[in-house]
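What follows is each chain in one-letter form.
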Amino acid sequence: MTLASETQAAAPSKLSLRGVEKHFRVRRGSVQALDNISLEIGEGEFVCLLGPSGCGKSTLLNIVAGLERADAGQVLCDGAPVVEPGRDRMVMFQESALFPWLDVLDNVLFSLRLKPGLGRRERREVAEFYLQLVGLEKFHHAFVHELSGGMKQRVALARALASNPRVLLMDEPFAALDALTREQLYGDLQRIWRERRKTIVFVTHNVREAVCLGDRVVLLSPHPGRIQEEFQIRLPRPREINDVDVAHHATLITAALRGYGRSGPPAPQGDGI
Amino acid sequence: MKRTLKALVFFGVLLVAWQALVAARIWSPVLVPSPASVGRYLWEAVTDGTLASATLVTVQRLGLGYVAGLLLALPLGLLTARFQLLADTLGLLALGLQALPSVCWVPLALLWFGQTEGAMFFVVVMGTLWSVIIATDSGVRNVPPIFARAARTMGSRGLHTWLRVILPAALPYIVGGMKQGWAFAWRSLMAAEIYVTILSGFGLGHLLHYGRELHAMEQVIGIMIVLLAIGLLADKILFSPWERFLHRRWGTAR
Ligand SMILES: Nc1ncnc2c1ncn2[C@@H]1O[C@H](COP(=O)(O)OP(=O)(O)O)[C@@H](O)[C@H]1O
Ligand SMILES: [Mg+2]
């Protein structure tokens, strides 16, 4: 155990997952999606959950969000058990989940209207601030279907940020985007994370993406979902997906994956698993 | 503008063809009156006020029953979508009755309400109700669950979620159902008005009926033209704005 991990373990955690388990009932019996997941995530930390699809990443994120209940174990946020969704933990999904009947500004205002103690003008100012932050100040009155995939995810990010949560939960938010758009968003997300000082849990099946974004990469293996290994990524920021160091770390993690691949998860290919 | 012009030209050509057919004297003018005689009838009906009052009576019956049907059907559709028990009972009933030609309500309405406005109201409500329940129900069931989940993370709960998320998300279906309900209500009301005389008000259906009784074909055709115009107007005034809204927001081609 290194000195760093020792001091980190002692620090109070923003999110604390303790022995989380989840089963799903299926047609014949049940499948175990998560097995004894324990994880401490510090305030302001950027943690990536990495694993092949079907290993329970979304399930885990939904439990942290309070959208689903764990069968065993618990999730603490600031020491209090998570029992339902809360504005302190906002979620971004792979599909933007923007509302097509509202324009861009109203989509961002949706979460603000539910936040008590804000006047009309304040809400509008806040919404405009976050749309500017994600670079969409010129698209207030565009409708969802008029936006590209990348712009949709930017609006979703602005909507999630607008109610000023301490924790941002992101479930493969960039998986459906083209490489160029993704690169831009990696840069923007790192900038926003630093400026707005959020705690981010980011789910992905892309090794490079995890290395590029995370302070720490938590590797999950499937059937049932377990934590296999953790990697600290100590690279200077902002990082880019094509940095040599990022590629190097990604290779290491991929190799680690192959190492236990014979007994556990399927062998990875390329930079995806 | 160009589209309006094209429509005008089309109807103009139709009128000319009609006139040509009459002039050819293939059928007796008693059966196929000239456009001019129909125009004369309509002009008289407009000037002596019968058309206006009949239209008012019919549109009022339709509007009243339709709105009542909607107000009843929307919450019922939401409820059947929300509670499986209601879906298995009321939902099933709605599915069956929706397929029933709405004219079939007329005899029942007469027996229950007699020759009264109540009978007319009942017929229109029954025409509207079932298809709007079905449409609302399937609209809600087809809302992507991710919308409600996203709303929940933003602090939306219960009634707020239903009114601000589920209902608007189901709107494309609901508008489709409203349109169908309208068509059913309109047809069954016409059937009812042609079928029974109600002394509290003569609607367009009655004018049509008396046209037949008097062998006044120009009246029959004149009223049919009015009915056609009302159908078109209703579509343009009631539904086009909704459809434009849906088209603009959802980006769906309709
Ligand atoms: N609602 C559900 N019902 C049944 N099985 C589910 C459900 N949600 C997820 N699962 C199962 O749980 C496992 C983990 O799913 P998920 O969390 O979506 O994985 P990931 O996000 O890593 O791809 C999978 O085997 C999946 O089939
Ligand atoms: Mg997933």
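K.L.:
Looking at this structure, how should I read the overall build of chain B?
P.N.:
Looking only at helices and strands, chain B features 11 helices and zero strands. With respect to the three principal axes, the spread of C-alpha positions in chain B is 70 × 50 × 30 Å. A burial count over chain B gives 43% of its 254 residues as buried. Once local pairs closer than 6 in sequence are excluded, the contacts in chain B between residues at least 24 apart make up 72%. Mean positive and mean negative side-chain charge positions of chain B (20 and 10 charges, respectively) differ by 18 Å.

K.L.:
What exactly am I supposed to notice about empty space enclosed by the protein here?
P.N.:
Empty space among the atoms can be located by rolling a probe the size of a water molecule over them. Scanning the model with the defined rule gives three cavities of 30 Å³ or more in all. Empty space within the largest cavity amounts to approximately 80 Å³. Every residue lining the largest cavity is listed: M90(A), V91(A), M92(A), F93(A), S96(A), A97(A), A156(A), R159(A), A160(A), A150(B), T153(B) and M154(B). Counting residues per element, the ones that place at least two in the lining of the largest cavity are β6 (89-92) and α5 (149-162) of chain A together with α7 (145-153) of chain B. Residues that form the lining of the largest cavity fall into these classes: nine nonpolar, two polar and one charged.

K.L.:
Quick question: what am I supposed to make of the packing of aromatic side chains here?
P.N.:
Aromatic ring pairs: the centre-centre distance and the angle between the two ring planes describe each pair. Per the counting criterion, the structure on display carries 19 aromatic pairs over all chains. Ring centres 5.6 Å apart and planes at 55 degrees place the aromatic pair W112(B) and F122(B) in the tilted group. Highlighted residues: W112(B) in helix α5 (residues 105-113) and F122(B) in helix α6 (residues 117-141), separated in sequence by 10 residues. The rings of F46(A), F174(A), Y186(A), W193(A) and F202(A) are connected pair by pair, giving a single aromatic cluster. Taking the ring centre of F99(A) as reference, the NZ or CZ of R159(A) above it sits at 5.1 Å.

K.L.:
Is there a simple way to explain the sheet that holds strand β4 (residues 72-77) of chain A in this structure?
P.N.:
Residues and elements named next belong to chain A. Strand order in the open sheet made by the four strands is β2-β1-β4-β5, with antiparallel pairing throughout. Taken across any chain shown, the strands that pair with only one partner, and hence form the sheet edges, are β2 (30-42) and β5 (80-81). Where strand β1 (residues 13-25) meets β4, five bridges bridge the pair, whose relative direction is antiparallel. When the bridges of β4 are listed, L15 appears paired with C77. Those strands touched by helix α2 (residues 57-65) are β1, β2 and β4, and its axis lies near 120 degrees from that of β1.

K.L.:
I'm lost on the sheet that holds strand β10 (residues 226-232) of chain A in this one. Help?
P.N.:
Two strands in a sheet stick together by hydrogen bonds in their backbones, pointing the same way (parallel) or opposite ways (antiparallel). Residues and elements named next belong to chain A. In space, the six strands of this open sheet follow the order β6-β7-β8-β3-β9-β10, with mixed pairing throughout. Each edge of the sheet is formed by a strand with only one pairing partner; in this case those strands are β6 and β10. Each neighbouring strand pair of the sheet contributes to a mean axis angle of 20 degrees, computed without reference to strand direction. By the bridge criterion, six bridges tie strand β9 (residues 216-221) to β10 in an arrangement that is antiparallel.

K.L.:
I would appreciate a short explanation of the layout of surface pockets in the present structure.
P.N.:
Residue and element names in this part refer to chain B. Looking at the largest pocket, its volume works out to about 370 Å³. Along the walls of the largest pocket sit 14 residues, with F11, L14, L15, W18 and I225 positioned nearest its centre. Contributing elements (two or more residues each) for the lining of the largest pocket: α1 (2-24), α2 (35-47) and α11 (217-250). Split by residue class, the lining of the largest pocket holds 12 nonpolar, two polar and no charged.

K.L.:
For this particular structure, what's the right way to read the interface of chain A and chain B?
P.N.:
Think of interface size as the accessible area that goes away when the parts come together; that is how it is often given. Contact residues are listed per partner, giving 25 residues for chain A and 22 residues for chain B. Summed over both sides, the interface of chain A with chain B buries roughly 2,100 Å², with 67% coming from carbon and sulfur. Taken together, chain A and chain B are joined by two salt bridges. Run the count over chain A and chain B and you get five residue pairs in polar contact (both at pLDDT 80 or more). Elements represented by at least two residues in the side of chain A that touches chain B include exactly β6 and α3 (104-113) of chain A. Class assignment for the residues of the side of chain A that touches chain B results in 14 nonpolar, five polar and six charged.

K.L.:
I tried to follow helix α4 (residues 120-133) of chain A on my own but got confused; where do I start?
P.N.:
Residue and element names in this part refer to chain A. The end-to-end C-alpha separation of α4 is 20 Å, in line with the 20 Å expected for 14 residues at 1.5 Å each. Among the residues of α4, R123, A127, Y130, L131 and L133 are the ones counted as buried. End-on, the buried residues of α4 take up no more than an arc of 155 degrees, which puts them together on one face. In α4, those exposed residues whose orientation departs by more than 90 degrees from the buried face are R121 and Q132. Where α4 is buried, its residues touch α3, α5 and α6 (179-196). Just beyond α4, the residue with positive phi is G135, at close to 80 degrees.

K.L.:
How should the packing of α3(A) against α5(A) be read in this particular structure?
P.N.:
Any two packed helices are characterised by the angle at which their axes cross and by the distance between the axes. All names here are of chain A. With their axes 8 Å apart at the nearest point, α3 and α5 run at an angle of 25 degrees to one another. One way to sum up the angle between α3 and α5 is to call them roughly parallel. The element α3 and its partner α5 pack so that their crossing is right-handed. Facing V104, N107, V108, S111 and L112 of α3, the residues of α5 in contact are V155, A158, R159 and A162. Of the residues that constitute the contact of α3 with α5, the class distribution is six nonpolar, two polar and one charged.

About the criteria used
Counting from 1, residues in each chain are numbered in the order their sequence is written. Ligands are numbered from 1 and chains lettered from A, in the order in which they are written. With the structure being a predicted model, the display of local features is reserved for residues of pLDDT at least 70 and the display and counting of side-chain atom pairs for 80 or more, all residues being used for whole-chain, interface and lining totals. Side-chain figures throughout are based on the complete set of non-hydrogen atoms in the structure, without hydrogens or water. Elements are defined by DSSP. Helices are runs of H or I of four residues or more, strands are runs of E of two residues or more, and each kind is numbered from the N terminus. The rule is simple: take the accessible area with a 1.4 Å probe, protein chains only, and divide by the maximum for that residue type; under 20% is buried, over 50% is exposed, in between is partly exposed. In this analysis, two residues are considered to be in contact whenever any of their non-hydrogen atoms come within 4.5 Å of each other. None of His or the chain ends enter the tally, which takes Lys and Arg as positive and Asp and Glu as negative. All charge positions are set by atom: Lys at NZ, Arg at CZ, Asp at CG, Glu at CD. Here a cavity means grid points, on a 1 Å grid over the protein atoms only, where a 1.4 Å probe fits yet cannot get out; a pocket means an open set of points with protein on both sides within 12 Å along at least five of seven lines; lining residues are those with an atom within 4 Å of a point. Grid points are joined across faces, edges and corners, and a volume is the space filled by probe spheres set on the points. Only Asp, Glu, Lys and Arg are considered charged, only Ala, Val, Leu, Ile, Met, Phe, Trp, Tyr, Cys and Pro nonpolar, and every remaining residue, Gly among them, polar. Within 6.5 Å between ring centres, the rings of Phe, Tyr and Trp (the latter by its six-membered ring) count as paired, and their orientation is classed by plane angle as stacked under 30 degrees, edge-to-face over 60, tilted in between. As a reminder, the over-ring test applies to NZ of lysine and CZ of arginine, requiring each to be within 6 Å of the ring centre and within 35 degrees of the ring normal. Pairs of strands are assigned from DSSP output, requiring at least two bridges between the strands. Orientation is described by axes fitted as lines to C-alpha atoms, over the contacting stretch for helices, and by angles from 0 to 180 degrees between their N-to-C directions. Summed over both partners, the accessible area (1.4 Å probe) lost when two parts come together is defined as the buried area. Only one rule defines a salt bridge in this text: a Lys or Arg side-chain nitrogen within 4 Å of an Asp or Glu carboxyl oxygen. The term polar contact refers here to a pair of N or O atoms within 3.5 Å; inside protein, the definition further demands a hydrogen-donor-capable atom paired with an acceptor-capable atom, and it admits residues adjacent in sequence only when both atoms are side-chain atoms. By this rule the span expected of a helix is its residue count minus one, scaled by 1.5 Å. Within this analysis, the arc is defined by the directions that extend from the helix axis to the C-beta atoms. Any angle between 65 and 115 degrees counts as roughly perpendicular, while under 35 counts as roughly parallel, over 145 as roughly antiparallel, and the rest as oblique. Crossing handedness is defined as follows: a turn of the near helix away from the far one that is anticlockwise and smaller than a right angle gives a left-handed crossing, while the clockwise case is right-handed.

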